[in-house]
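Structural features, examined
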Amino acid sequence: MTDYDPEAVFQGHRDRFIKVLEPVFLPDDPVSNDIIRYFASLLRVLGMEDRGWDPYAESRKILNDINRLMKLELPEDRFPDGWTSWRLGLFLYSHIVEMDAPYEVITNLLRFRLGRGYSPNPYFDLLTEREKKNFAKNGIRTGRKIEVIKALSKECGLSVGELYDEFYNSRLRNAVQHSDFILTADDFRSRSGISGGKEFKLTYNELDTLITKAKAFIAAFFQLELDARAVWGTKKGQAIPYDPHYKGLMEVLVDDRDLMCGFAVHWPNNSQSMYRRTEAGAEMVNCMVNVEQATVDLWVDLYARKPGAFSPLVEEGAEPVYTPLDKSDVRPLWPATM
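Remember, it's a predicted structure, so these values are computed and weren't measured experimentally. (Residues numbered from 1 in each chain as written. Predicted model: local features only at pLDDT ≥ 70, side-chain atom pairs only at ≥ 80, totals over all residues. Heavy atoms only, no water.)

1. Focus: the sheet that holds strand β3 (residues 200-202)
Read across the open sheet, the three strands follow the order β1-β2-β3; overall the sheet is antiparallel. Every interior strand has two partners, whereas the edge strands, β1 (182-183) and β3, have only one. Sheet topology note: the strand β2 (residues 188-190)/β3 ladder contains three bridges and is antiparallel. Each residue of the ladder has a partner; that of Ser190, found in β3, is Phe200. (Pairing = 2+ DSSP bridges. Helix = DSSP H or I, 4+ residues; strand = E, 2+ residues; numbered from the N terminus.)

2. So, the packing of helix α3 (residues 55-70) against helix α4 (residues 84-98)
Two quantities define a packed helix pair, namely the angle between the axes and the distance from one axis to the other. Interhelical geometry of α3 versus α4 gives an angle of 160° and a closest axis separation of 9 Å. Compared by their axis directions, α3 and α4 come out roughly antiparallel. The element α3 and its partner α4 pack so that their crossing is left-handed. Only Ser85, Leu88, Gly89, Phe91, Leu92, His95 and Ile96 of α4 make contact with α3, whose side of the interface consists of Ser59, Ile62, Leu63, Ile66, Asn67, Leu69 and Met70. (Axes fitted to C-alpha atoms, helices over the stretch in contact; angles between N-to-C directions. Parallel < 35°, antiparallel > 145°, perpendicular 65-115°, else oblique. Left-handed = near helix turned anticlockwise from the far one by under 90°. Contact = heavy atoms within 4.5 Å.)

3. Re unusual backbone geometry
With phi around 80°, Asp34 is a residue other than glycine that occupies positive phi space. Take Asp34: it is sitting in the loop between α1 (6-25) and α2 (35-43). Taking the relative accessible area as the measure of exposure, Asp34 reaches 18% and is therefore buried. A positive phi is found at Lys327, a non-glycine position, where the angle reads about 55°. Of note, Lys327 is situated in the segment after β10 (295-298). Judged by relative accessible area, Lys327 falls into the exposed class, the value being 73%. (Buried < 20%, exposed > 50% of the residue type's maximum accessible area, 1.4 Å probe, protein only.)

The following block contains the structure:
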């Protein structure tokens, strides 16, 4: 009988989750349903933000910190009861299942795949009328978010939604969130309220499986988010035809690691629409999220008074002039063959 290797088990689950999630993060066709909506889904486009307003960045740091703490050899004189790693694991689990960003990104990527656009609140138009009326007061339950993802993934012919069944346990989530549990020598126990009428237990093997799979899921999410941005980062410095009517050229913007962090659409009237998210905040120029239409509207500045055949933005007889590519003096040109 071989020894149990928790790291190998974790990596096995993570790699399996990556295979299931990969088609969502790296779709075969990122263009037909408007690539800007795809980028908006990956980048969680909202609007202008200063530094320090993105909870996703802090959540990643918290999870990394907890995971490192769980691997430390704790001195027995300071942590005498031996349950600290389990308590940290429960805090880790709770944070993973409560994080907003992974649900929002996955829901929007599934919506994109189905041609349903991008929304900073991707669940709302998929709720019942009663749920919509209660949304402002109560928001949406974690379990309901998962239900939406399951429905969308099934419609896409993918098994993304089934992954949540492997680690999301609503009773465990509630017990940890409401501090309604006890760690005993035999098992994890919760009264599930004052009366104890819905009490339940989990063995430590069951608890370990849920925590490990939750860790594997969020690790897969983090990895694929970086992989997708790295793939698109290879397109930096290129002017890609985006809008054949106005003759807009799209550019992928990258951060100092060459990861896609935004996009710019250069228009032939020397204007541009741009979104960029970095650690310094989020910039947004000549574009805005349109919740009603489930898209990101791009503004083209001034139209030509007497447009020529090239574009409604260029005067008859005038040459198109595009804004320079990011961090350069190079002004792109519309391909002559198009």
